[in-house]
Structure formats: structure tokens, C-alpha cells
Amino acid sequence: MATNPDRASYFPAIEKKHGQPMSYWFDQMEQISDRTYPEQIAFLRENHGFSQAHANALVLYSRGSTSAHRVHTLDEYLEPFDETKRATVHAIFDAITSTYPRMETVIAWNQPMLKFEGQYVFGVSVLTNHILIAPWGKDVLEQFRPRLAGYKVNKKTIQVPVDWQPDTALLRDMAAARLAEIAD
């Protein structure tokens, strides 16, 4: 299975080992869809005896990552998503790179990121029901928390709708704050 990047390649072994069809496991994941990745992994491992590999395959598949295949460009990353999600991600990156054209779009941890002079500045992750944006830096997220009152703010990410009209000023200001950190 390790050579097949398709997460569904684990499903026959999961069904055989745990005695339930995948529809049962998808229902289980739906019931805990509001939990974090580590919480979902722990749920499967502690309550159902899943191995780390099986739990990871099911959790990531349920979160929309159907393959461990690595992407190399922003467009490759966005390929499986609908036009609305693609347009939103492009608008997020354009809002930042139009002001900071020397930033480089890279793929790290199989997610699109913006880097400047080798340092991460901003990242994006597309999920089924929302998009996570992630300003890098020690204090960037906390610095902007007052301006994020209308958003769900996690430990290191901000959840925005898939059809979000990016707050260009906010994105540029967060990028500027990170660039200031890098400069120090």
C-alpha cells in the first residue's frame, strides 16, 4: 500500500480488520467532522483500534485529500477543486503578490505557500467546506486578532468561506507584518 498514493487503497484492509464497510467509517467521520486532525486520529486509534496509517488515510480522505500524491505547483494543488475554490485561492495569493511581487509561490507539506528570501510568509489549505489561511510568524496572528472578529480563528489558521471575497488590506497587512519579522 505504501507505493499507491491513493488513500482509498487502504479501505479494503480497514474493512477487513475492523469488520465494517467504509460507509460506516465515513459516517463516523461525519459525526466528528468538527474536530481537529489530531482529535480525529485519536478517536479512531483509541475507540476503534486503528493503526496510525489507517487512521491517517481515513481522516485525510474525509478531509478531501484523496491521495498522498505530491503536487508541485499551485495549479496542480487546485486541480481537484471546483472553480469557486480555485478562484478564491488565486484571489488570496494575488492580493498579496500584487503588492509583494518578489514573493515566491511554493508547495510545502503538499500545500501552497508564499515565501520571501527563503522564509515562509503565508499558506493556504483548501478543505471541503472552507479554506484555511495561515499567516506565518511568531506574533502575526495575535497581532491581527482584533481585525479577525468575524472569522473562526484557530491556533495558527483563519477559516474563511470557499467563496470568500478576500480582505485585501488584511492580507497585505499580515504579509507586511511577517516581512517585518523576517527583517528583524
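Calculation notes
- Residues numbered from 1 in each chain as written.
- Predicted model: local features only at pLDDT ≥ 70, side-chain atom pairs only at ≥ 80, totals over all residues.
- Heavy atoms only, no water.
- Core = buried A, V, L, I, M, F, W, Y, C linked by side-chain atoms within 4.5 Å.
- Buried < 20%, exposed > 50% of the residue type's maximum accessible area, 1.4 Å probe, protein only.
- Helix = DSSP H or I, 4+ residues; strand = E, 2+ residues; numbered from the N terminus.
- Contact = heavy atoms within 4.5 Å.
- Salt bridge = Lys/Arg side-chain N within 4 Å of Asp/Glu carboxyl O.
- pLDDT = per-residue confidence, 0-100.
- Phe/Tyr/Trp six-rings, centres within 6.5 Å; stacked < 30°, edge-to-face > 60°.
- Lys NZ or Arg CZ within 6 Å of the ring centre and 35° of its normal.

Chemist: Which residues make up the nonpolar core, and what values do they have?
Modeler: Membership of the largest hydrophobic core comes to 32 residues, with the highest contact counts inside it found for Ile92, Phe122, Ile133, Leu171 and Met174. Residue contributions to this core peak at six residues, all from helix H8 (residues 168-183). Apart from residues no more than four positions distant in its own chain, Phe122 is found in contact with Ile92, Ile96, Pro112, Met113, Leu114, Ile133, Ala134, Pro135, Trp136, Leu171 and Met174. The next biggest cluster of nonpolar side chains, apart from the first, holds 15 residues, and it includes Phe11, Ile32, Ala57 and Val59.

Chemist: Kindly report on the side chain of Gln40, identifying the contributing residues and their values.
Modeler: Tracing the chain through its elements places Gln40 in helix H3 (residues 37-48). With residues up to four places along the chain from it excluded, the contact list for Gln40 reads Met29, Ile32, Ser33, Arg35, Val59 and Arg63.

Chemist: Break down helix H4 (residues 52-62) for me, citing the residues and quoting the values.
Modeler: By the burial criterion, the buried members of H4 are His54, Ala55, Ala57, Leu58, Val59 and Leu60. Of the surrounding secondary structure, the elements contacted by the buried residues of H4 are helix H1 (11-18), helix H2 (22-31) and H3.

Chemist: So, the pattern of salt bridges: which residues are in play, and what are the values?
Modeler: A complete count under the given rule lists five salt bridges for this structure. For the salt bridge of Glu83 with Arg86, the shortest nitrogen-to-oxygen distance reads 2.9 Å. Here Glu83 pairs with Arg86, and both are found in helix H6 (residues 83-97), just three residues apart, close to one helical turn. Across the salt bridge formed by Arg102 and Glu117, the nearest N and O atoms sit 3.0 Å from each other. Remark: Glu117 occurs in the loop between strand S2 (111-116) and strand S3 (119-126) and Arg102 occurs in the loop between H6 and strand S1 (104-108); sequence separation between them is 15 residues. Residues Arg102 and Glu117 agree in their burial class; the two are exposed.

Chemist: Could you give an account of the confidence of the model for the protein chain, naming the residues involved and the relevant values?
Modeler: In the predicted model, the protein chain carries a mean pLDDT of 92, and 96% of its residues have values of at least 70. Mean pLDDT across the secondary structure elements of the protein chain bottoms out at H4, with 91, and peaks at H6, with 98.

Chemist: Tell me what's going on with the packing of aromatic side chains, and back it up with residues and numbers.
Modeler: Scanning all chains against the criterion turns up ten aromatic pairs. Measuring from ring centre to ring centre gives 4.8 Å for Tyr24 and Trp25, while their planes differ by 85°; the resulting arrangement is edge-to-face. Residue class for Trp25 comes out buried when judged on its relative accessible area of 2%. Consider the rings of Phe26 and Tyr61, whose centres lie 5.7 Å apart with planes at 20°: the pair is stacked. Here Tyr61 lies in helix H4 and Phe26 lies in helix H2, a separation of 35 residues in the sequence. Among the residues examined, Phe26 registers a relative accessible area of 31% and is labelled partly exposed. On the basis of relative accessible area, Tyr61 is assigned to the partly exposed category, the value being 28%. Lys115 extends its terminal NZ or CZ atom over the ring of Tyr120, reaching a point 4.7 Å from the ring centre.

Chemist: Residue-level account of unusual backbone geometry, with values.
Modeler: You will see that Asn110, though not glycine, has its phi angle at about 60°, which is positive. With respect to the helices and strands, the residue Asn110 is situated in the loop between S1 and S2. Residues other than glycine seldom take positive phi values, yet Glu117 does so here, at roughly 50°. When its relative accessible area of 59% is taken as the criterion, Glu117 is described as exposed.

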